[in-house]
Amino acid sequence: MEALIGSYQHSKSENLDEYFGKMGVPWIARKMITSSSPSLEISQNGDEWTLLFKTPMKNNNMKFKFGEEFEETTPFGAKMKGKASFEDGKMILRAQNLDNNSVMYREFSSTDEGLQIVMRSENHNVVAIRRFKKVSK
């Protein structure tokens, strides 16, 4: 898990617009998300983990402990309840949208360049990938 700690800069996305479209994200919000190149900081303080996504438009800060339910608000305003786990070398965040009950999974894994986030949903079969380069520990 400690291999994920550090600062990252977005380098590439795959299927992001299609994925968020299937998730019901409005067109203008999808365009803002897909055109952004966020930075990501992953840190740990004791049992608490923090993911801070930074963009020029909006920052998204998530704090959680593995195995405990947490709440988050997505950059497009959706309220989610989630739970984090660590499986097969990946940090997995499962979150359910409180408005429409859709369920999404984000899998964070280390790569040679830095970090990869694979996004899936129980409600459709489109998979999106965001890749980040590690800029510091």
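Higher on the page you've got the structure.
Here the structure is a predicted model, which means the values were calculated and not measured.

Novice: Explain the environment of Phe20 to me, and be specific about the residues and the numbers.
Specialist: For Phe20, the position within the fold is in helix α1 (residues 16-22). On the basis of relative accessible area, Phe20 is assigned to the buried category, the value being 8%. C-alpha of Phe20 to C-alpha of Lys31: the two residues are 11 residues apart in sequence and 9.8 Å apart in space. In contact with Phe20, other than residues within four places in its own chain, are Val25, Arg30, Ile33, Phe76 and Met119.

Novice: I'd love a proper account of the pairing of strand β1 (residues 6-14), names of residues and values included.
Specialist: Within a regular strand, the side chains alternate between the two sheet faces. As defined by bridge partners, β1 adjoins strand β2 (residues 39-45) across 4 bridges and the pair is classed as antiparallel. When the bridges of β2 are listed, Gly6 appears paired with Ile42. Of the pairings in the sheet, the one linking β1 to strand β10 (residues 128-136) comprises 7 bridges and is antiparallel in character. Considered in β10, the bridge of Ser7 is made with Ser136.

Novice: With reference to specific residues and values, describe the side chain of Ser39.
Specialist: Structurally, Ser39 is set in strand β2. Those residues in contact with Ser39 that lie beyond four places of it in its chain are Tyr8, Gln9, Leu52, Phe53 and Lys54.

Novice: Describe a nonpolar patch on the surface, listing the residues and the values that go with them.
Specialist: On the surface, Trp27, Ile28, Met32 and Met57 cluster together to form a nonpolar patch covering roughly 440 Å² of accessible area. As for its position among the elements, Trp27 is in helix α2 (residues 27-35). Classification of Trp27 as exposed rests on a relative accessible area of 53%.

Parameters at a glance
- Note on numbering: residues in each chain are counted from 1, in written sequence order.
- With pLDDT at 70 or above as the cut-off, local features in this predicted model cover only qualifying residues; side-chain atom pairs require 80 or more to be listed or tallied, and sums for whole chains, interfaces and linings still use all residues.
- Think of the side-chain values as coming from all heavy atoms in the structure, minus any hydrogens and water.
- To qualify as a helix, a DSSP run of H or I must reach at least 4 residues; to qualify as a strand, a run of E must reach at least 2; elements of each kind are numbered from the N terminus.
- Type-normalised accessible area, obtained with a 1.4 Å probe on protein chains alone, sets the label of each residue: buried when under 20%, exposed when over 50%, and partly exposed for intermediate values.
- Contact criterion: two residues are considered in contact whenever any of their non-hydrogen atoms come within 4.5 Å of each other.
- Any two strands with at least two DSSP bridges between them are considered paired.
- In this analysis, a patch consists of residues with relative accessible area above 30% that form no salt bridge, clustered at 9 Å for like charges and at 5 Å for the nonpolar side chains Val, Leu, Ile, Met, Phe, Trp and Tyr.
- Here the open area of atoms and residues is found with the Shrake-Rupley method and a 1.4 Å probe, where only the protein chains shown may cover a residue.
- Only one rule defines a salt bridge in this text: a Lys or Arg side-chain nitrogen within 4 Å of an Asp or Glu carboxyl oxygen.

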